[in-house]
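Here are the chains, one letter per residue:
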Amino acid sequence: MDVKKLLADYWGLTDIELYPIESGLINATTKVQSAQGHFVLQSINRHVFPDPITLHAQLLRFSSAFASATLEKLQFVPASANSSLVHVGDSFFRLVSYIPSRTITHPSIEQARQAILALQEFHAQCAAFDTKDWQEPIPGFLAVAQRVQAFQLALLQALPLRKQLFEEANLDVSVYLMQAHNWALFLESAPIQLIHADPKCSNFLVDLSTNHIRALIDWDTLMLGSVFYDYADLIRSFCSKGEEVSTEGTLFLPENYEAIVANLHGDASVLQQAVLGVVSVQGLRFLSDFLVGDVYYTVKDAQHNWRRACNQFRLATEMQDYFTTHMRAR
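Note that the structure is a prediction, hence the values are computed from the model and not measured.

> How do you make sense of the overall build of the protein when you look at a structure like this?
Counting its regular elements, the protein contains 10 helices and 10 strands. By the compact-globule yardstick of 20 Å for 330 residues, the protein fits well, its C-alpha radius of gyration being 20 Å. A principal-axis box enclosing the C-alpha atoms of the protein has dimensions of 60 × 45 × 40 Å. Classification of the 330 residues of the protein by burial places 49% in the buried group. When the accessible surface of the protein is split by element, carbon and sulfur atoms take 53% of a total near 16,000 Å². One finds the centroid of the 24 positive side-chain charges in the protein at a distance of 2 Å from the centroid of its 34 negative side-chain charges.

What follows is the structure in structure tokens.
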């Protein structure tokens, strides 16, 4: 695929320079510099998003309705075909206006505080949006039971050497399965609304001059769910040293957690249940993918998903210890 020709033919761009963006994205993403301005080109991952046309139509509706005074919205650039979604062969492309900014990699206490406020503002925009006929972009993404079943199936289909490593590690996953179960029980009766469903550090854009969060991007996962899922996933990302670090030493960042909680209102025990459930489910997802040979997540080596899984389980354990100690102290 000649990307420069695509951009010229459909969006009329000239003097094009391309800069691939490879970190933390499901869709193939490229920063575009041209005589007409700076943009972001994405090729939608059809393995993850089976219906790009519906996905894009929904995001156009959401972008049109988005009216935040503090967060910028994604703006999709119309192409020459009178649509902002271009279909070429088996691929779907879209061009988005570039937001000058940087992403968050090692979240500070202040960034954690800003992030939860930004997420709540995003939720306010979601709550005001008419979700009639909204379709799930990734079927079953929030279904805890499906994640547990996938793990159980992975155990049955595991590659021999990987299953051996898992068994020799003597990793007791029963506690994490129980936390996932408790989270699933809560979700059965929890109120739902449109949520972001992937509020990790790298999806928050920070202004280059003020260091304030100016946008929450990657809207492809917008779906109906509990706001506590978003709170928990934000905490999972902003209150940890990361999925990729060494499992030696502590991972949990309690100061960041306290900065987030100070700006949330509601039942602390529900939030803690959500956090433990979401972190445990993510650990099970990494472990499942490791067992069957890394078919979902991109990995750097044969034990990459194993390290990720161990980090998530370690994080869940450290969080549980902190919650228990902290509650006793209060």
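On we go.
> How do you make sense of the nonpolar core when you look at a structure like this?
Nonpolar side chains tend to gather and get buried jointly when the protein is soluble and globular. Membership of the largest hydrophobic core comes to 89 residues, with the highest contact counts inside it found for F62 and L287. Among the elements that make up this core, the one with the highest residue count is helix 9 (residues 268-292) (13 residues). Once residues within four sequence positions are removed from consideration, L287 is found in contact with F151, F166, V173, W306, A309 and F313. Grouped together as the second largest cluster of nonpolar side chains are 13 residues, L7, V77, V86 and L95 included.

> When you look at helix 4 (residues 144-157) in this model, what are you seeing that I'm missing?
For an α-helix, the turn length of 3.6 residues means that residues three or four places apart are oriented alike. Relative to the 20 Å expected for 14 residues at 1.5 Å per residue, helix 4 spans 20 Å between its end C-alpha atoms, a close match to the ideal helical length. Considered for burial, the residues of helix 4 that qualify are V144, R147, V148, F151 and A154. The buried side chains of helix 4 occupy one side of the element, clustering within an arc of 115° when seen end-on. Structural note: helix 4 exposes Q149, L156 and Q157 on the side pointing more than 90 degrees away from its buried face. The secondary structure elements touched by the buried residues of helix 4 are helix 6 (174-189) and helix 9.

> Would you mind showing me how to read the packing of helix 4 against helix 9 here?
Think of two packed helices as two axes; the pair is described by the angle between the axes and how far apart they sit. Where helix 4 meets helix 9, the axes come as close as 9 Å, and the angle between the chain directions of the two elements is 30°. As judged from the angle between their axes, helix 4 and helix 9 are roughly parallel. Where helix 4 crosses over helix 9, the two elements pack in a sense that is left-handed. Within the contact between the two elements, helix 4 uses V144, R147, A150, F151, A154 and L155 and helix 9 uses V281, L284, R285, L287, S288, L291 and V292. A per-class count over the contact of helix 4 with helix 9 returns 10 nonpolar, one polar and two charged.

> Honestly, unusual backbone geometry in this entry has me stumped. Any pointers?
Most peptide bonds take the trans configuration, and most residues that are not glycine carry a negative phi. The phi dihedral of D15 falls on the positive side, at around 50°, and the residue is not glycine. Counting through the fold element by element, D15 comes out in the loop between helix 1 (3-11) and strand 1 (17-21). The phi torsion at N170 lies on the positive side, around 55°, for a residue other than glycine. Locating N170 in the fold gives a position in the loop between helix 5 (160-168) and helix 6.

> Teacher, can you tell me more about helix 2 (residues 52-65) here?
Taking 1.5 Å as the rise per residue, helix 2 with 14 residues should run 20 Å; its terminal C-alpha atoms sit 20 Å apart, in good agreement. Along helix 2, the residues that are buried comprise P52, L55, H56, Q58, L59, F62 and S63. Along the long axis of helix 2, the arc covered by the buried residues comes to 160°, so they all point the same way. Relative to its buried face, helix 2 has exposed residues pointing more than 90 degrees away, namely I53 and S64. Tucked inside the fold, the buried residues of helix 2 contact strand 4 (85-88), strand 5 (91-97), helix 3 (109-127) and strand 7 (193-195).

> Please explain the pairing of strand 9 (residues 213-216) as it appears in this structure.
Regular strands place their side chains on alternate faces of the sheet. One ladder, built from three bridges, connects strand 8 (residues 204-206) with strand 9; its direction is antiparallel. The partner of F204 across the bridge, within strand 9, is L216. Between the end of strand 8 and the start of strand 9, which pair antiparallel, lie six residues, with N211 showing a positive phi angle near 65°.

Calculation rules
- Residues numbered from 1 in each chain as written.
- Predicted model: local features only at pLDDT ≥ 70, side-chain atom pairs only at ≥ 80, totals over all residues.
- Heavy atoms only, no water.
- Helix = DSSP H or I, 4+ residues; strand = E, 2+ residues; numbered from the N terminus.
- Rg over C-alpha atoms; globule rule 2.2 N^0.38 Å.
- Buried < 20%, exposed > 50% of the residue type's maximum accessible area, 1.4 Å probe, protein only.
- Areas by Shrake-Rupley, 256 points an atom, 1.4 Å probe, with all protein chains shown as cover.
- Lys, Arg positive; Asp, Glu negative; His and termini not counted.
- Charge placed at Lys NZ, Arg CZ, Asp CG, Glu CD.
- Core = buried A, V, L, I, M, F, W, Y, C linked by side-chain atoms within 4.5 Å.
- Contact = heavy atoms within 4.5 Å.
- Expected span 1.5 Å × (residues − 1).
- Arc of directions from axis to C-beta.
- Axes fitted to C-alpha atoms, helices over the stretch in contact; angles between N-to-C directions.
- Parallel < 35°, antiparallel > 145°, perpendicular 65-115°, else oblique.
- Left-handed = near helix turned anticlockwise from the far one by under 90°.
- Nonpolar A, V, L, I, M, F, W, Y, C, P; charged D, E, K, R; others polar.
- Pairing = 2+ DSSP bridges.

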